[in-house]
Amino acid sequence: MKKAFPILAVLTALLLAYAFYEAIWVAPTERTMGDVQRIFYYHVPSAWTAFLLFFVNFVASVTYLARRNPKADAVALVSAEVGVVFCTVVLVTGPIWARPVWGIWWTWDLRLTLTLVLWLIYVSYLILRRFSDSAQTPKLAAVLAIFGALDVPLVYFSIWFFRTQHPQPVIGGGGSIDPVMLHILLINWLAFSCFALLVCWARYRLEVLKRDVEEAEALESLLEVGPRGSKAKIPFSGGPQ
Amino acid sequence: MNATRYLYAAYVATWLIHCVYIGSLARRYRALRQRMKDLGKSTR
Amino acid sequence: MKLWPVTLATLAKDIRLEWRSKDALNSMLFFSLLVVVIFSFSFDPTAEESRQIAGGLVWVAFLFSTIVALNQTWARELRNQVLDAYRASPAPANALFLAKAIGNFILVSLLEAVMAPLFMVFYNLRILGTAWQLIPVCVLGTWALVASGTFFAAMSIRTRMREVMLPLILFPLSIPAIQSMVEATRIILSGDGSPRFWIVLLLTYDVVFTTACLALFETVLQAE
């Protein structure tokens, strides 16, 4: 399994390079926005990947509450963290795209606002995880993740209706998309999905190592008796020898 | 075209964010590996 | 044990305790007054634009007061190990949640009853739309903040920095509710259109979140 990682990393790098080439050189230039529109090929796949990761977080959280499986909790943490990273990319590339096209940095555009709210919810999730006691963290975090998931459709509808009352420019353009552009968009999405998978895998391995270290430290403090430097092992069966 | 620098900025920003995150993962991994080694030595 | 008798008993206990000392009530009333005054200094009440944003200002002020009220919800229980006793008792966990939520609802409604007239006075607000529609907006909006707030307050007592944790968790999740309250109030005050969509969205938010709170409170209470 571990051997596969470097191979997949190289393949993903090649796929990303190919997707980049397609986006910059092969894709047709958009009529109204010009070359700036090529940000689209990074902005949209990042958004889709972030939403997918948050969905994974929801499923993992429900699984954890149902089965109390610590692996599910690790998956929830990993998907939330990597999801926030991709979400940050969306929130940064969105305004960079909006500025030359519309002259403003931000619009309360549906996708961008929804992404902002999701970013806020999952950052608060990560902060909760960091500041709670490790025994209850998985349970509390899973509960919060469920609330987050329930909130998403409500956020969507509230922003959607607000926008019908107060129309704003749409980042990303509405309407139908040219088939060649769609093809290149999908290639970029595939590349970024593979990349996200690799990053999640790396983060998961880090989490496993972190938990192993914590367990080893707890074991060590159990075995230590007396002042530092004089360790008398308490004899007990089942300990590491 | 003037707007092209925004295109570069967006692509650079994307990879910068990803690299910072992966860099932090690598740093944390190294620190944990070190702690694991230290623990291994002290329990001997 | 049955749900409602326990809920009402717990609620009665909380109200009785609060009524005897009036600690929380007095400090929160004064806090609410301060908030109204500071907002009046910050956002010129005489300007025409202020009428447009008055709906938002009122609800932001209510939100701050609600956070202050929520933060002390579980303080008494923590100090006297009531939560441990509750976990060991056969009483349903939801009874505790409902009692706290309803208690907070009464407290925050009292605060709103004091702050709203002050806002009307300082900002010279006139209700140009249908006034009675403000009642469902207030009731549903207050319940939205108080129900989720009571639940997240219970979650945040198990964290470090518990007073900061509550708004950190509550605010992002309350965004659709806050937007609905603000928009509905703005529409009713300016008489410009119908607030029906926002009231329905608030009602949906309340139903979804209250159900989730009732379903998950046992888990949070047992988290040890």
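Above this text you will find the structure in question.
A brief report on the enclosed structure follows. (Residues numbered from 1 in each chain as written. Chains lettered and ligands numbered in written order. Predicted model: local features only at pLDDT ≥ 70, side-chain atom pairs only at ≥ 80, totals over all residues.)

This part is about the interface of chain A and chain B. You'll often see interface size given as the accessible area lost when the parts meet. Across the boundary between the two partners, chain A contributes 25 residues, which contact 23 residues of chain B. At the level of elements, helix 3 (70-102) and helix 6 (179-223) of chain A are the ones that each hand at least two residues to the side of chain A that touches chain B. If one sorts the elements of the side of chain A that touches chain B by residue count, helix 6 of chain A sits on top with ten residues. For the side of chain A that touches chain B, the per-class residue count stands at 15 nonpolar, three polar and seven charged. (Contact = placed C-beta atoms within 7 Å. Helix = DSSP H or I, 4+ residues; strand = E, 2+ residues; numbered from the N terminus. Nonpolar A, V, L, I, M, F, W, Y, C, P; charged D, E, K, R; others polar.)

This part takes up the packing of helix 8 (residues 162-190) of chain C against helix 9 (residues 196-222) of chain C. Residues and elements named next belong to chain C. For the pair helix 8 and helix 9, interaxial distance at closest approach is 9 Å and the crossing angle is 150°. What the angle tells us is that helix 8 and helix 9 run roughly antiparallel. The element helix 8 and its partner helix 9 pack so that their crossing is left-handed. For the pair helix 8 and helix 9, the contacting residues are Pro-176, Ala-177, Ser-180, Met-181, Glu-183 and Ala-184 in the first and Trp-198, Ile-199, Leu-201, Leu-202 and Tyr-205 in the second. Here the residues of the contact of helix 8 with helix 9 sort into nine nonpolar, one polar and one charged. (Axes fitted to C-alpha atoms, helices over the stretch in contact; angles between N-to-C directions. Parallel < 35°, antiparallel > 145°, perpendicular 65-115°, else oblique. Left-handed = near helix turned anticlockwise from the far one by under 90°.)

In this section: the interface of chain C and chain A. Each partner contributes to the interface: chain C provides 26 residues, whereas chain A provides 26 residues. If you list the elements that add at least two residues to the side of chain C that touches chain A, you get helix 8 and helix 9 of chain C. If you tally residues by element for the side of chain C that touches chain A, the top one is helix 8 of chain C, at ten residues. For the side of chain C that touches chain A, the class distribution of residues is 17 nonpolar, five polar and four charged.

The next subject is helix 1 (residues 4-26) of chain A. Along its 23 residues, helix 1 of chain A runs 31 Å from first to last C-alpha, staying within 8% of the 33 Å computed at 1.5 Å per residue. Every buried residue belonging to helix 1 of chain A is among A:Thr12, A:Ala19 and A:Ala23, and all of these are buried. (Expected span 1.5 Å × (residues − 1). Buried ≥ 20, exposed ≤ 12 C-beta atoms within 10 Å, placed from the backbone.)

The next thing to look at is the environment of C:Leu166. Residues and elements named next belong to chain C. Take Leu-166: it is sitting in helix 8. Classification of Leu-166 as buried rests on a count of 23 C-beta atoms within 10 Å. Once residues lying within four places of it in the same chain are set aside, the contact partners of Leu-166 are Ile-67, Leu-70, Asn-71, Phe-152, Ala-153 and Ser-156.

Don't take any of this as a statement about function, it's just geometry.
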